[in-house]
Each structure stands twice: as C-alpha cells, then as structure tokens.
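# Coordinate inspection notes
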Amino acid sequence: MSDIQDPLRQQETPKAAFQQIFIVWKPHIASLTIGIIFSLIALALGLTLMSSAGGKIAFAAMGMLVISSVFLKLLGGGRLLMRYVERLYTHNVMFKAIADLRVWFFAKLSKGAAAGLGFRHSGDVLSRLVSDIETLDGLYLRLMLPFAGSILTFLVLAFVIGSVHLPLAFCIAFLYILAGFVCPLVSALMTKKHGQTILNSVAQLRIGVLDFIQGLREIRAFGAEDRITALLDAREKKLFEKQFKQAKIIALMSFLSFISSQVAVLLILAAALDIGFHGIGAAHIVVCLFLTITAFEVVVPLTKAGGLAGQIINAATRVVGVNKGHGYDVPKGSEEAPEQTDIELNDIGFQWNKDRPFVYRHLNLKISQGERVAIIGPSGAGKSTLAALLLKVIAPQEGKITLGSKDLAVLTEESVRKKIAWLSQNTHLFDDTIRQNLLLSYPQATDDELWQALSEAAVADVVKAMPDGLDTWLGEGGIKVSGGQGRRIALARTLLSKAPILLLDEPTTGLDADTEMEFFKILNQISTDRTIILIAHRLTGTEKLDKVWRLSDSCLICEN
Amino acid sequence: MQNNKAQIKIWTKLQTKTGKRSVFPMVILGIFSSFIAVGLACCIAQILGMLLVPSLSQSIGFSPFMLLISFVILFLLKGLIVYSEDLIATKIGLKARHRLRSEFVQHIMQIGPSILYRQSGGGLASLVVDQVEALDGYFSRWLPASILWFVSPCIILVCIFFVQPWAALVIGICGLMVPIAQAIFGIGAAVAARQQFLAMTRLQARFLDRIQGIATIVLAGRAEDEAKKIAESANELRIRTMKVLRVAFLSSASIDCAMIIAILLVALMDVQHFTSVGGEHTIPVVHALFALLIIPDFFAPLRSLALAYQDRAKLAGAAASVVELPEVPKKSESDHIFNENNSIHITFNKVSYVWDEKRGNAIENISFEVAPNSTAILIGASGAGKSTIISMLLGFIKPTSGQILFNGIDLITIKHESVSALTAWIGQKPVIFSGTIRENILFAKPNATEAELKKAVQGAAIDQYLSALPNGLDTMIGEGGYGLSGGQAQRVAIARAYLKDAPLLFLDEPTAHLDPVTEQDIFTSLIQLSQNRTVILATHSALGQRLQGKHIQLDHGRIIAETEVE
C-alpha cells in the first residue's frame, strides 16, 4: 500500500494554534503564572545557596567568617522544599489544562465529524488525541518554565558579575546567551521540520499497525503476512531515520552549549590567575565561579528541551487543525425545530465536492407527518446522502429543505437531530455494555423501556439468554454478538429514542429473510404516530407503506 | 493473577538481560567521564587554591598555564564523550524498539485473527506503536544509568578518599542514604506506575472506540455527554499520573537533600579546619576545595537514575500488556504442505465449537461432506453458526472438538500458509486498507497483471461505479472505505477473490449489502467463479438459497436438513 498522501495537511499556522490553545487554557492562566513564580523562587534559592556556600569557603580560607552557617542551612532547606512544591504544583496545573484540551478536542471533532471520519483515519485522530496533546504539556513544563528560569538566571548573573567586573560580565553574558538561548533556539528551529515529519511518521506507522490488526483476517486469508511485515518495517525505518537525524542535531547543539559553559568557567579561572581580566578580589572570583557553574547547569539541558519545541509546535498545529478542510458548509441556524414535522425537499441539487458529479439535481420530495415512506434505489445512488441532508450534516448547494415548513438552514442542528432518530449501515456499537449502548439515544430510559425497545427490535430473547443480560459487554465493534444481532441492538437503540421521525437507512442489512420479515411486521405495528422513512435497496413486500419513492438518475419518482 | 505476576517478571528479566548487553559502550564512556570529572575538579581546585592562598603557588608544582590548558583539554574530551553518549543511546533505543516491535507483530500474526475476539484492536495497536516507542528510554537511559549509578560514584569516592579521607566518609554516607530512600519510595512508585499504564491503555481503547463511532454519538445528540465522560477519564488519568510523579519527585528530592547535606557538611567542616587553629590550616585548601567541587559529579549518576526511573516503570507497564497477549498456539508436529492444484474434498467430522462456556455451543456436533469441485450452501438465521463454520475453515479459530479434514488430512496439521494459498474468501464486512482501490484489490495478488486486474474488476462489477470516482481505480479510500458505500466496499472484496483464483472458495454472506439487481449480477459471476472449485457459501439471501448444490440448513448450531438442489 502506498503512503497516505495528505491526511494531515490541513493545519493551522503555529501562531493561530497557540492562540487557540491559550484560549482553552484561559481558566488556568492564573495557576500557570503562580507555577512560574514558584519555580523562579526555587531557582533563586538554589542560586543563592551555591554562591553563598562558595563565598563562605573563600572567606574562611582567607580567615574570615562572613556568612553564617544557619543562613546556609535555611537556604538549603528552603531550596529543597520549594523545589518539591514547585514541581508538584506546576505538573498538576499542567495536567488539568491538558485534560481540558482533550475535552475541547473531542468536542471540536464531534462538530465536524457527523459525516463520518472520511479521509481521516481513526488511528491518526487517536494519535492527535493521545500523544500530540500529551506532547503539549512540554510547552509549559519544558519550555516556558525553564525559559523564565533562564531569564532570571541571566539577570542575576549579569548583575552579580557586572558589579564585580564589567568586561568579564560581558563575556560571561555572551556565553550564557549562546548556551542558554542561541543553542536551544537553533535546535528548536532545526528540529521544527523534523518534528513535523516525525509526528507524521508515527501517524503513518500507527495507521499501518491499525490496518494490520483490523485486517488480520484478510491478511491470513490472502497469505499477506510477509508483505505486511515488510510494510511495517519500512514505515518504522522511515521513522527511525528521522528520529536519528533529529538526535544528531540536538546532540551537536548540546555539545556547543556545554562547551560555552566550560569556556565561561575557563574565563573566571583565567581571571583567578590574573590572566585576561585583572584586579578582581579572590572572594569575588569564588562567588562568581560558583554562581556561573550553577547558572550554566540551569541552561545546558535547555538545548535538549529546545529540540522538543519543533515537536510541540507541530503537535499544536495538528491538534488545533483537526477539523480544518473537513467542515461541510452547513449554515448555522438559531431557531428551534417546530412541533410540526412535515418534510419537504424543493429542487435540491447536491455534490460532495466540486470535482465530483452531482448526486442529485432537481430533486423533489414531500413526506407528511406520520407518513410511512420508503426511498428505494441501487447501491451508490446516494440514498445515504439523502439521510445526511435531512440530518443537517451537509447542506444542499441548490434548493431548499423544510421541516414543518421552516427552512432547515435556520434551525439548530441539535433541534433537528432531536426530531430525527437515525439508524444506518454505519451505526457504531460501542465497546460497552448493552445497557450503555442503548442509553445513548435516551439516557433517562428505564429497564422496562429498554426491554420494550429490544423486543421491538426482535432481539430481547437473545439478550435475555446472555449471561449478564443488559449488562453483557459488547466487544469492540460489538464483535461478541453476531452481525445480525448487533444490527438489531442498534435498531433497538434507535427505537428507544423519542424522536417523531425515524430515519432507517437499510435497517435490515445483515438480517436473514425470516428475521427481516419479522422486523417489518413489528415495525408495522408500532409507532403509529411517528413518521417513518425507510431507505433501502429493495422492498420485501412485508412493509406497510404509504408511499414508495424510487431514486433514479439523481431524482426521485413517486410510485404509490 | 499470580501467574500473571510471574510472567511479567520473566518477561521483564528477559528484556533487562537482552538490553544490558548492548549498553556496554555507554558504561565505558560513563566511567571515563567520571575520571574526567575528577580531573576537572582537580584543575579548578588547584587554581582556586593558588588564588586564595598565594603562598601555595610554589608548592603545587604546576604552572598556571599548564592547569588552564589541561582544563581545556579535559572539557573538550568531556564534551565529545557527552556527544557520543547521546548518539549511542539513540542507536541503542532504535535497535531495541525495532526488536520489540518485530516480536510483537510476529506474535500477533502467529495467533492470527482469533486474537480480535479476545482483545481490542485499539489496545493492540497501542502496544505495538506507543508502548514500544515509550520503551526507548528504558534501553537508552535506564539500563546504562542502572549500572553507572553504582560504578561512577564509587570511582569518585575512591579518588576523594586519597585526597581527604573523612570527606569521602561523609559523602559516602550521604550517598548511601539515596538508595535507601529510593527503595522506600520506589516500591510505591512501581505499583502506581503500573496502574497508570493500565489506565492509559484502557483510556486509549476508549478514545479509539468513541472516535470510530463519533457519527453515532453526534447524531444521537450525545456529544456533550460523551465529552463529559472523556473529561472524567482524562481527570482520572491526571490523578494517577500525579500519584506516580509525587513519588518520583520525592525520590529526586531525596537526592537533592543528600547532596545539599553533603555540601554543607563538607563546607562547614572545611571552614572549621581553616579557622580552628588560629589561622593555621590543618588541611590543604586545595584538598578541601576538590572535595567540595566533586560532590555534584558524585551525585549526578544517582540523579540520572532517578530521572530514568519513569522509563523503568514503562517497561513494567508494557509487560502487563504483553502477558495479556494469548500464547502462540503450539505447532502441530506434522506440518503438511498442500499442492496448489489439488481438487479438495472437505469433511466435517463431529465438529463442535464453544465461544464462551456460559453461552453454550455455537456449533454442535456437525458432520457433512463437500465433494471436490462442488458447492455447499449453509442456510440459517443469523446466529445459527454459519460464520463460525467459515471461520473454522479459514483457520481463524480451531474446533473445540471434532475434526475438519481436507482430503482426509486434519486441517489443524496443515500449515496455515498452504491453506491460505488454496483459499479465496469473501467476508461479511471486508476490511478496506488505507490506500487506493487498485492497491486494495491487488492485496489478494500483488504481482497480478493488468489484464487479470481488469477481469477481476469486471467480475465484481466494480467498473459500474468506477467512472463516478475522481481517480478511477487510483482513488484513495480511507479507513472503513470513505467514498465507497457498503455495497461498493463489498465489491472490492469480491474482486480480491476473483483475482486470487484459488481452488477453494469460502463465501460468508457475500451479497449482504447489495441491491437485488447487483446481487443478481454478482451471483451470476460467483456461479461462473465457482466452476471447478470447491465452494462453501453461507447465505440467507433468497437468491442464494435457489443456487445449485448441497443445501445445509442450520439452526442454533445444528444441522436440521441436508438436501441436494439441482
């Protein structure tokens, strides 16, 4: 199989992405700021501790007692405590913000996802939801906090050494900027490109692995084991090459950063020997040396973190850009759907994409409240598209749809979907109990109502025979029940809904003839006041219908 | 559970053993690096000594320039070592991940499709992709650190001992406190980390499931409620993660604590020595400074160990998922290989199958025969056991009792490769791989010629909808077949069977998603395809039931009638 060409191209610019992320994080901004302050206090205590300890020894060696031991001990204890508190606090705040981001992501995905996942692979979306969002905690913990810290350290370093010897301070400051800002920035920029491709490669690998696992039956039946292994190996190799390249760049930058830090120490040592910089007192030299060593210890690891910046930026754009290029232009309505539920389609024209042919042209359809109609057509004629139009997942390019003589375009999606209960060939059974699966359409339902719906869908006996009844766990995709049984449970879920319109998109797919007949008999008896729209490729003859519409050549012909 | 724990231990030990062999260069570099640290501290201490006690300049015996130059050489060397360590660690991580991923893929492959009845696809994918990726640090960071945390401090301690024995004693005792603290915190951390990883895997499976069914959620108007549930899961994950981190932070705080105590003690004792005897130094300043300067390097390996501790927890997390994988079934002793051109006689001999003890037999004591190049049609309501029979024929599952014989040879003794070489299969819900339609059809036979492909496309009636697609056969189709209706996707599966052109043909409701006109077309082609092949067709379609062949009526896993229809 070839690589996926561009499932991931739809992205936000980094700036827009971060703006969006900070909007989601807005409730946490105060806590995040407090976290930064905590971490700066901890850092300041550390810097003071080290330079005081150095100073104490230097003065003592020269026979003076300037710094008290109690002060040092207090500093040490304070530093320890503050560091622990700071780390707990910042991590906890960040994880709260990350949890919010996950929820925001899911909510956003659900807004654009009603038409199905389309070209986006659920493997890819999962990787955005899990690993990309996780990568984003580095934005605060590994970039913002250390960056704030290195600015503080820079100021302290410049001030302390500057008050001792200005030229030396300039040199140290220059080296500090090199090690603490330039190297991390270079490694961030160099890896930005790689970060993108690494994330894409992981997504590719994940898609390959999901295909491999979900397609195990096909792979076994067609003897494709070796080919799939080779494909996965190739994708992994691609990922590894990119990871190694990135590791090399970061290692090189870390090397430079380390060397700068050592050169800074070298300069102070030279000054100690009165080489290069003259006239600095011995005690001052020792304080400067300890401070410099500690200060550079803070920034040398920053280069590795800078390497993450690329990944973080790309993760941000992928997370925020999840729906880009996938929203179908559906006008947002503001009105509630009316009580009356006559449906009328007027001269509808629709195409999925400008380069695809029209699915419908000049389509007209009228379904009165309480009517039972069937819409019949061969596979691929656009029957499911009709369902998507009615559910306001997509909007027609030409013509008008009305519900209760109100234009669908002015009604809110939620109110439309409350009126229409939908069952399709793609209805998903969740990896959950039968009860939870049913409650999806009507959370307040009682057990009696659940059983009622199950028996209407002719599946109550099957569920009763299961060891845990309603609490039986359906496997992923409902794998532990047979295809037909799964369909009937999905059907029960639809019947459970209180919506006045039932939109059944091939409800009997996968049922055998006897069960199908039985189902339609049941459908004939129940829900007399509901509108029933049955979409199918054929009729069995059992259905009690008021009208039958036949789709052909992109329009509908009524045959009573 | 007990059994699981033992298995986790065995697997973890195996990984450690395999991994330790590869980290040897890292350990050598680490030891070398400790000696350089000692050298660097020596240089700084001597220079400071000269500065603070100018009279020392003569007694030390090194010229200041010599000291500066050795300092430069040493730090350049150290820089190079750090650089090589980074690269070697990356290489070690890549190799280990490749090894593990291949192992897992092969394991899943050998178990075959039956694994999907027991474990969620999302969980397996997360094991093969994310958990393996997450193990990088275990091999590249934890394993070297787990050797060096002891070796490097010992080297440094010996060096300090030669210079200033009592400082070595103080630092050594502080250093000893660290492993003790680690042991106390570590036990809690391991348990919490394992739980956190299980939670993570479950959470992932949940997300995948919800994302696959997101259209269902949205159209049921439940997106907000589901978002709330996701918020709950995410929050649970945060609480679990914090539990692990609290312990990790405590253990790293214990190292900081030990180090600060060591620095304070050494510094204060130095100061006492400097000032106690009326300005006379009882110990050389250089020695005191050296002991002080080397302390951070003494604790650095311990710190790396604590940092890598999370990496170790990830191995335990992965191990928990690994032992949940079912064992690869033992190969039968006689692996028969079938000749491809054989015409095959299929016999079911008292076959039963049980999915789940509680639900009873899915198939009960079934016996029938299918003569070479004839057709058998399995008829029955959904849940009657038709798919179970097809799954057994394909070798996805093995009979609980009884035998399935191909030309008199028990199916379970035949190499599954040679069975798949003989069979073509069309299932109820075909998996469409990410890629083009062409690639999806060629999946059945990658080296097929264009003419063969064309024939398959025609046979499956794909050419009828091809013109409506933007790029014809090269149209990309997404997971689950975006742009293709259920019927169209099914026809891709039928085309695969055409292309494969195998002597055995197993059909599991091949027309379940097709309209009557297309169904008629497909059956016509299927009858054509069935010529000179042994065919077993499971169907409840009225059309299928009129086909020629042996009709086997199934009900609740038993055969209720067997008739020959001409």
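Keep in mind that this is a model prediction, so the values were computed, not measured. (Residues numbered from 1 in each chain as written. Chains lettered and ligands numbered in written order. Predicted model: local features only at pLDDT ≥ 70, side-chain atom pairs only at ≥ 80, totals over all residues. Heavy atoms only, no water.)

### Observations concerning the overall build of chain B
Across its full length, chain B holds 19 helices and 12 strands. A fraction of 79% describes how many contacts in chain B between residues 6 or more apart in sequence connect residues 24 or more apart. When the accessible surface of chain B is totalled, it reaches about 23,500 Å², and 59% of it is carbon and sulfur. (Helix = DSSP H or I, 4+ residues; strand = E, 2+ residues; numbered from the N terminus. Contact = heavy atoms within 4.5 Å. Areas by Shrake-Rupley, 256 points an atom, 1.4 Å probe, with all protein chains shown as cover.)

### Comments concerning the nonpolar core
In terms of nonpolar packing, the biggest core is built from 132 residues, with Phe212 of chain A together with Ile346, Phe348, Phe406, Ile441 and Phe506 of chain B touching the most fellow members. Among the elements that line this core, the one with the most residues is helix α4 (residues 64-111) of chain B, at 10 residues. Apart from residues lying up to four places away in sequence, Phe212 of chain A is in contact with Ile219, Ile228 and Leu232 of chain A together with Val105, Ile108 and Met109 of chain B. Grouped together as the second largest cluster of nonpolar side chains are 94 residues, Ala271 and Ile280 of chain A together with Cys159 and Val285 of chain B included. (Core = buried A, V, L, I, M, F, W, Y, C linked by side-chain atoms within 4.5 Å. Buried < 20%, exposed > 50% of the residue type's maximum accessible area, 1.4 Å probe, protein only.)

### So, the pattern of salt bridges
The full count for this structure, using the stated rule, is 27 salt bridges over all chains. Between Glu452 of chain B and Lys445 of chain B there is a salt bridge, and its shortest N-O distance comes to 2.8 Å. Each member of the salt-bridge network shares a partner with another, and the members are Glu236 of chain A together with Arg97, Arg101, Glu133 and Asp136 of chain B. (Salt bridge = Lys/Arg side-chain N within 4 Å of Asp/Glu carboxyl O.)

### Topic: the side chain of Thr539 of chain B
Residue and element names in this part refer to chain B. As for its placement among the helices and strands, Thr539 is situated in strand β10 (residues 534-539). Exposure remark for Thr539: the relative accessible area of 2% places this residue in the buried category. Among all residues touching Thr539, those that are not within four sequence positions of it are Ile377, Leu378, Ile379, Gly380, Lys386, Glu509, Gly544 and Gln545.

### Quick word on the sheet that holds strand β2 (residues 360-367) of chain A
Residue and element names in this part refer to chain A. The strand order across the open sheet formed by 4 strands is β2-β1-β4-β5, and the pairing between neighbours is antiparallel. Either end of the sheet is taken by a strand with one partner, and the two such strands are β2 and β5 (406-407). Two strands pair when backbone bridges link them, and strand β4 (residues 398-403) and β5 are joined in this way by 2 bridges, in the antiparallel orientation. Along β5, the bridge assignment pairs Thr402 with Asp407. (Pairing = 2+ DSSP bridges.)

### Section: the environment of Gln110 of chain B
All names here are of chain B. Relative to the elements of secondary structure, Gln110 occurs in helix α4. Residue Gln110 is classed as partly exposed on the basis of its relative accessible area, which comes to 40%. Between the alpha carbons of Gln110 and Glu327 there is a distance of 9.4 Å; along the sequence they are 217 residues apart.

### Overview of the state of the cysteines
Residues and elements named next belong to chain B. Counted under the stated rule, the structure contains 0 disulfides over all chains. Free of any disulfide, Cys43 has its nearest neighbouring cysteine sulfur in Cys42, separated by 6.9 Å. Overall, the relative accessible area of 6% leaves Cys43 in the buried class. Cys174 provides the cysteine sulfur closest to Cys257, a residue in no disulfide bond, and the two sulfurs are 8.6 Å apart. (Disulfide = S-S within 2.5 Å.)

### Here's the deal with the UniProt feature "transmembrane region" (unreviewed entry) in chain B
All names here are of chain B. Here, UniProt's "transmembrane region" (unreviewed entry) annotation points to residues 23-48, 60-83, 142-163, 169-193, 247-269 and 281-302. Counting secondary structure, residues 142-163 comes out at 100% helix and 0% strand; the distance between its end C-alpha atoms is 32 Å. Secondary structure across residues 247-269 comprises 100% helix and 0% strand; the distance between its end C-alpha atoms is 33 Å. (UniProt positions renumbered as here; feature names shortened; annotations may be inferred.)

### Some details on a nonpolar patch on the surface
Among the surface-exposed residues, Leu169, Ile173, Met177, Ile180 and Ile184 of chain B lie close enough to one another that they form a single nonpolar patch of about 520 Å² accessible area. The exposure class of Ile173 of chain B is partly exposed, given its relative accessible area of 48%. (Patch = residues over 30% accessible without salt bridge, like charges linked within 9 Å, V, L, I, M, F, W, Y side chains within 5 Å.)

### Quick notes on the UniProt feature "transmembrane region" (unreviewed entry) in chain A
Those places that UniProt annotates as "transmembrane region" (unreviewed entry) correspond, in this numbering, to residues 29-51, 57-75, 139-161, 167-190, 249-273 and 279-300 of chain A. The distance from the first to the last C-alpha atom of residues 279-300 of chain A is 30 Å, and the span holds 82% helix and 0% strand.

### Describing the packing of helix α5 (residues 137-164) of chain A against helix α6 (residues 166-214) of chain A
All names here are of chain A. Where α5 meets α6, the axes come as close as 8 Å, and the angle between the chain directions of the two elements is 165°. Classified by the angle their axes make, α5 and α6 are roughly antiparallel. When the axes of α5 and α6 are compared, the crossing they make is right-handed. Contacts between α5 and α6 involve Phe147, Ser150, Ile151, Thr153, Phe154, Leu157, Ala158, Ile161, Gly162 and Val164 on the former and, on the latter, Leu166, Leu168, Ala169, Ile172, Ala173, Tyr176, Ile177 and Phe181. Within the contact of α5 with α6, the residues separate by chemical class into 15 nonpolar, 3 polar and no charged. (Axes fitted to C-alpha atoms, helices over the stretch in contact; angles between N-to-C directions. Parallel < 35°, antiparallel > 145°, perpendicular 65-115°, else oblique. Left-handed = near helix turned anticlockwise from the far one by under 90°. Nonpolar A, V, L, I, M, F, W, Y, C, P; charged D, E, K, R; others polar.)

### With respect to the environment of Ile337 of chain B
Residues and elements named next belong to chain B. Here Ile337 shows up in the loop between α12 (309-324) and β1 (346-356). For Ile337, a relative accessible area of 62% translates into the label exposed. The contact partners of Ile337, leaving out residues within four places of it in the chain, are Lys415 and Ser418.

### Side note on the sheet that holds strand β9 (residues 504-508) of chain B
All names here are of chain B. The strand order across the open sheet formed by 6 strands is β6-β9-β10-β3-β11-β12, and the pairing between neighbours is mixed. Two strands close off the open sheet at either side, each with one partner strand: β6 (423-426) and β12 (558-565). Across the sheet, the mean angle from the axis of one strand to that of its neighbour is 15°, orientation sign disregarded. With 4 bridges connecting them, strand β3 (residues 375-379) and strand β11 (residues 549-555) associate as parallel partners. Counted as the bridge partner of Ile379 is Gln553 from β11.

### Things to note about the pairing of strand β8 (residues 531-536) of chain A
Residues and elements named next belong to chain A. Extensive coverage of β8 is indicated by the burial of 6 of its 6 residues. Taking every second residue as pointing to the same face, both faces of β8 are buried, with Thr531, Ile533 and Ile535 on one and Ile532, Leu534 and Ala536 on the other. Judged from the 5 bridges that link them, strand β3 (residues 372-376) and β8 form a sheet pairing that is parallel. Bridge pairing links Ala374 to Leu534 in β8. With 5 bridges connecting them, strand β7 (residues 501-505) and β8 associate as parallel partners. Of the residues in β8, the one forming a bridge with Leu504 is Leu534.

### Quick look at helix α1 (residues 14-24) of chain A
Residue and element names in this part refer to chain A. Among the residues of α1, those classed as buried are Ala17, Phe18, Ile21 and Val24. End-on, the buried residues of α1 take up no more than an arc of 115°, which puts them together on one face. Along α1, exposed side chains directed more than 90 degrees from the buried face belong to Lys15 and Ile23. (Arc of directions from axis to C-beta.)

### So, empty space enclosed by the protein
What the rule picks out here adds up to 7 cavities of 30 Å³ or more. Its boundaries defined by the atoms lining it, the second largest cavity holds a volume of some 50 Å³. Along the walls of the second largest cavity sit Arg220 and Ala221 of chain A together with Leu394, Phe396, His416, Val419, Ser420 and Thr423 of chain B, which together make up its complete lining. Contributions of two or more residues to the lining of the second largest cavity are made by α7 (216-221) of chain A together with α14 (416-422) of chain B. Of all the elements, α14 of chain B adds the most residues to the lining of the second largest cavity, at 3 residues. Of the residues assigned to the lining of the second largest cavity, the class counts are 4 nonpolar, 3 polar and 1 charged. (1 Å grid on protein atoms, 1.4 Å probe; cavity = no way out; pocket = protein on both sides within 12 Å on 5 of 7 lines; lining within 4 Å. Points joined across faces, edges and corners; volume = space filled by probe spheres on them.)

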